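As a plain string of letters, each chain reads:
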Amino acid sequence: MGKEAAEDQNHSSLSYRPELREKVIDAIANTMDLYGVNHSFGQLYGIMYFEDRPMTLEEMKTSMNMSKSNMSYAVRSLTESQMIYKLEEKRERQDQYLAETNFFRTFQNFFGAKLQREIDVMQESLREVIPQLSEIILARTTPPEEREDALRDLHKLQHAEQYYDWLQGFVDQLRDGVFYKDAPHESD
């Protein structure tokens, strides 16, 4: 193949690059949607994932054609999930944001936060309910049928307690990077 033909082929493949990126952005949005993240938030993350520079809210709003309030909500949600980060430096007095591009870290941050929230909600409830069930079981005035029902509930909740203790250990290991210590890094 001659130099001219190689340049033509190179040029034509470059013109498809935005379409290829768009396929991946849509896939990111679709997969995030599976995990309860708004589809358009997933698209925003996908767009920012391919940016080689920080973006301002105005730039995001323009690229997404989204209202300012929806854009602010999307940015807040992605920031809380640590999928994007607000930078200290401002550009022309505007906040700048950068996407986390390490998928191992996004998995760690996203699922770690979601699972920790579940653990916290459930453990708070279990800490409140289990002692009350124990009191019902031990009270002399509790009718036998109610005592048996409370005992069954207590056994179920003790099993749930074991699960949430195990899940806390899983989340701790996830945050520590135990599951992907040998994973390839972006620079590899």
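Residues numbered from 1 in each chain as written. Predicted model: local features only at pLDDT ≥ 70, side-chain atom pairs only at ≥ 80, totals over all residues. Heavy atoms only, no water.

Going by the annotation in an unreviewed UniProt entry, the name recorded for the protein chain is HTH-type transcriptional regulator, with Paenibacillus taichungensis given as the source organism. According to UniProt, the comment filed for the protein chain under the heading Sequence similarities (unreviewed entry) is "Belongs to the GbsR family." (UniProt positions renumbered as here; feature names shortened; annotations may be inferred.)

This brings us to the nonpolar core. Residues Leu 44, Tyr 45, Met 48, Met 60 and Ile 84 are the most contacted members of the largest nonpolar core, which totals 22 residues. Those elements giving two or more residues to this core turn out to be helix H2 (17-34), helix H3 (39-50), helix H4 (57-64), helix H5 (68-80) and strand E3 (96-99). Broken down by element, the residue count for this core peaks at 5 residues, all from H3. Residues contacting Met 60, with those up to four places away along its chain left out, are Leu 44, Met 48, Met 55, Met 71, Val 75 and Tyr 97. By size, the runner-up hydrophobic cluster in this structure holds 12 residues, among which are Ile 119, Leu 126, Ala 150 and Val 171. (Core = buried A, V, L, I, M, F, W, Y, C linked by side-chain atoms within 4.5 Å. Buried < 20%, exposed > 50% of the residue type's maximum accessible area, 1.4 Å probe, protein only. Helix = DSSP H or I, 4+ residues; strand = E, 2+ residues; numbered from the N terminus. Contact = heavy atoms within 4.5 Å.)

Moving on, we come to the pairing of E3. Two strands pair when backbone bridges link them, and strand E1 (residues 55-56) and E3 are joined in this way by 2 bridges, in the antiparallel orientation. Residue pairing for E3: Met 55 is matched across the bridge by Tyr 97. (Pairing = 2+ DSSP bridges.)

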